[in-house]
Amino acid sequence: MTATSEPGRPLRLLWLQSGGCGGCTLSLLGAEKPDLLTALTAANVELLWHPSLSEATGGEVRVLLEAAAAGDQPVDILCLEGSVINGPGGTGRFHLMAGTGKPMRDWIAAIARRAGYVVAVGSCAAFGGVTAAGGNEVEACGLAYDGTRAGGLLGANFRSAKGLPVINIAGCPIHPGWFTDTLLQIGAGTLTPGDLDEWERPLAYTAHLVHHGCARNEFYEFKASAEQPGDLGCMMENLGCKGTQARADCNIRPWNGGGSCLDGNYACINCTAPGFEEPGHAFAVTPKVAGIPIGLPTDMPKAWFVALASLSKAATPKRLRDNAARPTPVVLPHDKRKDSA
Amino acid sequence: MSRLIVGPFNRVEGDLEVRLDISAGMVADARVVSPLYRGFEAMLVGKPALDALVYAPRICGICSVSQSVAAARALAATGAVPLAANGGLAVNLIHAVENVADHLTHFYLFFMPDFARAVYAGEAWHADAAARFAAVKGDAARDFLPARAELMNLLGILAGKWPHTLAVQPGGSTRAVSRAELARLGAVLAGFRRFLERTLFADTLEAVAALSTRDALLAWAEARAVRGDFAHYVTLSQAVGLNRLGRTDLRHMSYGAYPSAEGPLFPRGVFRHRVAGVLPVDRITEDVSHAWYRAAPDGAPRSPRDPGAPPDAAREDAYSWCKAPRLEGEVAEVGALSRQLVAGHPLPRDLVARDGATVEARVVARLLEVALVTMAMERWLRAIDPAAPFIDHTPLPAAGEGAGLTEAARGSLGHWVSLQGGRIANYQIIAPTTWNFSPRDAAGVPGPLEQALRGAPVREGETEPVAVQHIVRSFDPCMVCTVH
């Protein structure tokens, strides 16, 4: 039996964790306006089980999972946090689900094939993420991707009972709002393939670049660059910032009441993208060829970027030039009418 | 003798299985299984040195800043990078927010919901406890989550975001804060103090910090006209007898936490049988005799300064991905209780002198620490000089060795790094729960939880014994750190 929702009945959400850090759950607990429990109520979602939140433990959970895998317990929404672990040598023994002696991977696959919606929470569950970094000793992959390669645990053609692909709420960690927005749309029955981008990430947050709303935009415009960690200037030229390529609304939708990586004075590492965990360079250093950053802004022709950059560098106001390589501003905006008054 | 396997053991961070031998209505023996391996130490080898600051916090979503602090201190120690004074204060604040939030997440979301279990339905106190603390549905979670989210607003300003910030650096913090922002941070902290003093303690932080004996604690809880959640816990602890549950008699260890020019807020050291002592850090080793790793040819335990043992899932004589850290060859317990015993606070010392290290004492120490650390946060905030630097830019050396020792909410966390050619040549991590949930060592000595579980009562017909649940969760385990 597949999960179908008659009107009014709460959608039953099952949350599983495998090769990850649990940070997406911890981030989600920080949901604000509304808080997580209110958001669940608003989305008409009830928790069948969540490893951090639910009372049930041990045998009580094994009974639930066996019923879910057999199709006897409807699961409207399956969330996976953390990568799928296939190692060593394809056995899945690097994560045997506690109390069952069975690879977690097999539990995830069995329940995903019964679920109404399947949601990958975080970049690990979507693409493999940090767990797949280095030599990927544990053979980690995502639910429907292995890095940028379609497939993963469930296969490229996987569609859940509701006809959708795996919904990839990528991020390391997720912003709580990325999850609650998606859940509210699922609850309202309005989430369609058209709400997802080319990596099946919700457009609710990936229609933006991290660059949008960055408080350093003026420094970017005039190529006034930060030189050391903590400097105020644009971090693209020297400090590895990928905000002009990365897809997320981090500087429009504040983190923890008012922050973002860039507001914290450190680089965007493009954590919503597949493969971000292996950038091929030191994270906090911009790779360059002939002094020009390799990773230019999305959609920007290189020749135009070089031409505009040299022009804007020549036109940089003193205020930005003087402030860019400092942790606090030395020159502030000033209204000249005050001087002549 | 019968055998029980409890798993998935939830309301801990990560996946956990506990195997119990039951005899005559109690646990005769226990084996603690960490069923997940992730391989962070191998992942880090060959990476540029500062990339550790990206990967290390992602070992753990609940101890993320602790991992950052350990990594930053280890890197700084490779070349004696100075810590800017403001940066030290800012990092203490960032770290304290995480640790305090973790203590309360443990209390409200992980530990207390067990009092709502049906097994207690016949107790006079059950209805009240269930209304307040039931998982997801209880009032306490609805009060706590917004307060936690507001506390985290400190990190929006100081660290950009939580978890997984890059603000914590070897030389301090990337995020300078202005006078206006300091004022705003103070307001957020004032709001958090109000939550603690109205909801958790129903008393001032100072009054809680001044409790010095178990008798004083019980009298205080009894005398509350408005009962806060801490007093509620104290009455439940008495009713259930948590001071007789999960007892260990081990050496307690703390690396010390929250450094400053005047010394750390909580000192480094060891404590056992009423005596505090010096912690011989160089005598820490990891044993893999019962873990799924390839042992050294001579079977000797390894120093964390040396490369770690590679995984070996085929070993039949092993039962966990958790290694067995030992201090001078002995088992040690870590956590808030250990930290406060080493620091010499009279309340935990009295609790342990009377009953040993128990479930009751571990939880009391955590909440006591919430009061102590919140007051310290107010002092650190006042000490920041917005005109002075927050970060020192001294570069790391191309080669060197360093250790970063700090305290996560759940206990002692150490990173050991060696650099060659600007890259990581070796990286070893020993996490708090690796100490507490360690398997047996080569001498067959069980880890702290395995010892604490012996003698736990098992009621007729129980498959997930409630006493075992209280004991396991009293350590506030973090399995994802354990199995980095």
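Procedures and definitions
Residues numbered from 1 in each chain as written. Chains lettered and ligands numbered in written order. Predicted model: local features only at pLDDT ≥ 70, side-chain atom pairs only at ≥ 80, totals over all residues. Helix = DSSP H or I, 4+ residues; strand = E, 2+ residues; numbered from the N terminus. Buried ≥ 20, exposed ≤ 12 C-beta atoms within 10 Å, placed from the backbone. Contact = placed C-beta atoms within 7 Å. Nonpolar A, V, L, I, M, F, W, Y, C, P; charged D, E, K, R; others polar. Pairing = 2+ DSSP bridges. Axes fitted to C-alpha atoms, helices over the stretch in contact; angles between N-to-C directions. Core = buried A, V, L, I, M, F, W, Y, C linked by C-beta atoms within 7 Å. Domains from an automatic or database assignment. Expected span 1.5 Å × (residues − 1). Parallel < 35°, antiparallel > 145°, perpendicular 65-115°, else oblique. Left-handed = near helix turned anticlockwise from the far one by under 90°. pLDDT = per-residue confidence, 0-100.

(A) Seen up close, the overall build of chain B. Scanning chain B from N- to C-terminus turns up 17 helices and 14 strands. Along the longest, intermediate and shortest principal axes, the C-alpha atoms of chain B span 65 × 60 × 40 Å. Per-residue burial for chain B yields a buried fraction of 61% across its 484 residues. Within chain B, contacts between residues at least 6 apart in sequence are counted, and of these 71% link residues at least 24 apart.

(B) Summary view of the overall build of chain A. Regarding its fold elements, chain A presents 11 helices and 13 strands. Once the C-alpha set of chain A is aligned to its principal axes, its extents read approximately 80 × 50 × 30 Å. Taking all 341 residues of chain A together, the buried fraction comes to 57%. Taking the intrachain contacts of chain A between residues at least 6 apart in sequence as the baseline, contacts between residues at least 24 apart amount to 69%.

(C) A look at the interface of chain A and chain B. Counting residues at the interface gives 65 residues for chain A and 71 residues for chain B. Every element with two or more residues in the side of chain A that touches chain B is listed here: helix 1 (23–28), helix 2 (36–42), helix 3 (59–70) and strand 5 (96–97) of chain A. When residues of the side of chain A that touches chain B are assigned to their parent elements, the largest contribution, 5 residues, is made by helix 1 of chain A. For the side of chain A that touches chain B, the class distribution of residues is 31 nonpolar, 27 polar and 7 charged.

(D) Focus on the sheet that holds strand 1 (residues 2–6) of chain B. Residue and element names in this part refer to chain B. Across the sheet, which stays open at both edges, the 3 strands sit in the order 1-2-3 with antiparallel pairing between neighbours. The sheet terminates laterally at strand 1 and strand 3 (26–33), the two strands that pair on one side only. Taken pair by pair, the neighbouring strands of this sheet meet at an average axis angle of 20 degrees, ignoring direction. Across 5 bridges, strand 1 lies against strand 2 (residues 17–23) in antiparallel orientation. Counterpart to Ile 5 in the pairing with strand 2 is Arg 19.

(E) The sheet that holds strand 7 (residues 269–272) of chain B, seen in detail. Residue and element names in this part refer to chain B. Strand order across the open sheet formed by 4 strands is 8-7-6-11, with mixed pairing between neighbours. The sheet is open, and its two edges are formed by strand 8 (275–277) and strand 11 (332–333), each paired on a single side. Inspection of the sheet shows strand 6 (residues 251–254) paired to strand 11 by 2 bridges, in the parallel sense. Residue His 252 lies in a different strand from strand 11, and its bridge partner there is Glu 333. Those strands touched by helix 11 (residues 336–343) are strand 6, strand 7, strand 8 and strand 11, and its axis lies near 90 degrees from that of strand 6.

(F) How the structure looks around the nonpolar core. In this structure, Ile77(A), Leu78(A), Leu143(A), Ala52(B), Leu93(B), Ile94(B) and Leu154(B) are the most contacted members of the largest nonpolar core, which totals 280 residues. Of all the elements, helix 4 (residues 85–111) of chain B adds the most residues to this core, at 15 residues. Counting the residues that make up this core, at least three belong to each of domain 1 (11–206) and domain 2 (209–327) of chain A.

(G) Geometry of helix 6 (residues 176–188) of chain A. Residue and element names in this part refer to chain A. A rise of 1.5 Å per residue sets the reference length of helix 6, with its 13 residues, at 18 Å; its end C-alpha atoms lie 18 Å apart and thus fit the reference within 8%. With 10 of its 13 residues buried, helix 6 lies for the most part within the structure. Within the span of helix 6, buried status applies to Pro 176, Gly 177, Trp 178, Phe 179, Thr 180, Asp 181, Thr 182, Leu 183, Ile 186 and Gly 187. Looking one or two residues past helix 6, Gly 189 carries a phi angle of roughly 75 degrees, positive in sign.

(H) Molecular detail of the packing of helix 7 (residues 179–200) of chain B against helix 13 (residues 359–383) of chain B. Residue and element names in this part refer to chain B. The interhelical angle for the contact between helix 7 and helix 13, taken along N-to-C directions, is 160 degrees, at an axis separation of 10 Å. Considering the angle they form, helix 7 stands roughly antiparallel to helix 13. Relative to helix 13, the crossing made by helix 7 is left-handed. Across the interface between the two elements, Leu 182, Leu 185, Gly 186, Leu 189, Phe 192, Arg 193 and Leu 196 from helix 7 touch Val 370, Thr 374, Met 377, Glu 378 and Leu 381 from helix 13. Along the lines of polarity and charge, the residues of the contact of helix 7 with helix 13 split into 8 nonpolar, 2 polar and 2 charged.

(I) Layout of helix 3 (residues 64–79) of chain B. Taking 1.5 Å of rise per residue, the 16 residues of helix 3 of chain B would be expected to cover 22 Å, and the 24 Å separating its terminal C-alpha atoms lies within 8% of that figure. Burial analysis of helix 3 of chain B places 14 of its 16 residues in the buried class, the great majority of the element.

(J) Here's a closer look at the confidence of the model for chain A. Mean pLDDT over chain A stands at 95; residues scoring 70 or higher make up 98%. Counting contacts from residues 1–5 of chain A, a segment whose pLDDT is below 50, to residues more than four positions away or on other chains yields 14 contacts.

(K) Spatial organisation of the domain arrangement of chain A. Residue and element names in this part refer to chain A. Splitting chain A by domain gives domain 1 (11–206) and domain 2 (209–327). Taking only C-alpha atoms into account, the centre of domain 1 sits 31 Å from that of domain 2. Opposite the 20 residues of domain 1 that make contact, domain 2 presents 14 residues. Contributing elements (two or more residues each) for the side of domain 1 that touches domain 2: helix 5 (123–127) and helix 7 (203–206). In terms of residue class, the side of domain 1 that touches domain 2 is built from 9 nonpolar, 9 polar and 2 charged.

(L) How the structure looks around the confidence of the model for chain B. Taken over all residues, the pLDDT of chain B has a mean of 97, while the share at 70 or more is 100%. Here the prediction assigns the complex a pTM of 0.98, and the interface score ipTM is 0.97.

(M) Focus on the packing of helix 11 of chain B against helix 12 (residues 346–355) of chain B. All names here are of chain B. Running from N to C, helix 11 and helix 12 cross one another at 105 degrees; their axes reach a closest spacing of 8 Å. Here helix 11 is positioned roughly perpendicular relative to helix 12, judged by the angle of their axes. Taken together, the residues of helix 12 that come into contact with helix 11 (itself represented by Leu 337, Gln 340 and Leu 341) are Pro 348, Arg 349 and Val 352. When grouped by side-chain class, the residues that make up the contact of helix 11 with helix 12 number 4 nonpolar, 1 polar and 1 charged.

(N) Quick peek at the pairing of strand 3 of chain B. All names here are of chain B. Bridge analysis of strand 2 against strand 3 gives 7 bridges, and the strand direction is antiparallel. Residue Val 18 lies in a different strand from strand 3, and its bridge partner there is Val 32. Connecting the antiparallel pair strand 2 and strand 3 is a turn made up of 2 residues, with Ala 24 showing a positive phi of about 55 degrees.

(O) Layout of unusual backbone geometry. Residue and element names in this part refer to chain A. The omega torsion across Gly 87 and Pro 88 is -10 degrees, close enough to zero to call that bond cis. Residue Pro 173 is reached from Cys 172 by a cis peptide bond, and omega for that bond is 5 degrees. The residue Pro 173 is located in the loop between strand 11 (167–169) and helix 6 in this model. In this structure, Ala 290 is a non-glycine residue whose phi angle is positive, near 50 degrees. When you line up the elements, Ala 290 lands in the loop between strand 12 (288–289) and strand 13 (292–293).

(P) Geometry of the pairing of strand 14 (residues 423–430) of chain B. All names here are of chain B. Pairing of strand 13 (residues 411–420) with strand 14 involves 7 bridges; the strand directions are antiparallel. Bridged to Gln 420 within strand 14 is Arg 423. Connecting the antiparallel pair strand 13 and strand 14 is a turn made up of 2 residues, with Gly 421 showing a positive phi of about 60 degrees.

(Q) View of the environment of Ala77(B). Residue and element names in this part refer to chain B. Within the secondary structure, Ala 77 sits in helix 3. Accessibility expressed as a C-beta count within 10 Å gives 19 for Ala 77, which makes it partly exposed. Between the C-alpha atom of Ala 77 and that of Arg 354, which follows or precedes it by 277 residues, the distance is 40 Å. If we ignore the near neighbours within four places in the chain, the residues touching Ala 77 are Gly 402, Ala 403 and Gly 404.

(R) Region of the structure containing the environment of Val364(B). All names here are of chain B. Structurally, the position occupied by Val 364 is in helix 13. Judged by the 26 C-beta atoms lying within 10 Å of it, Val 364 falls in the buried class. When the C-alpha positions of Val 364 and Ser 66 are compared, they lie 22 Å apart, and in sequence the two are 298 residues distant. Excluding its chain neighbours within four sequence positions, the residues that come into contact with Val 364 are Leu 217, Leu 347, Pro 348 and Leu 351.

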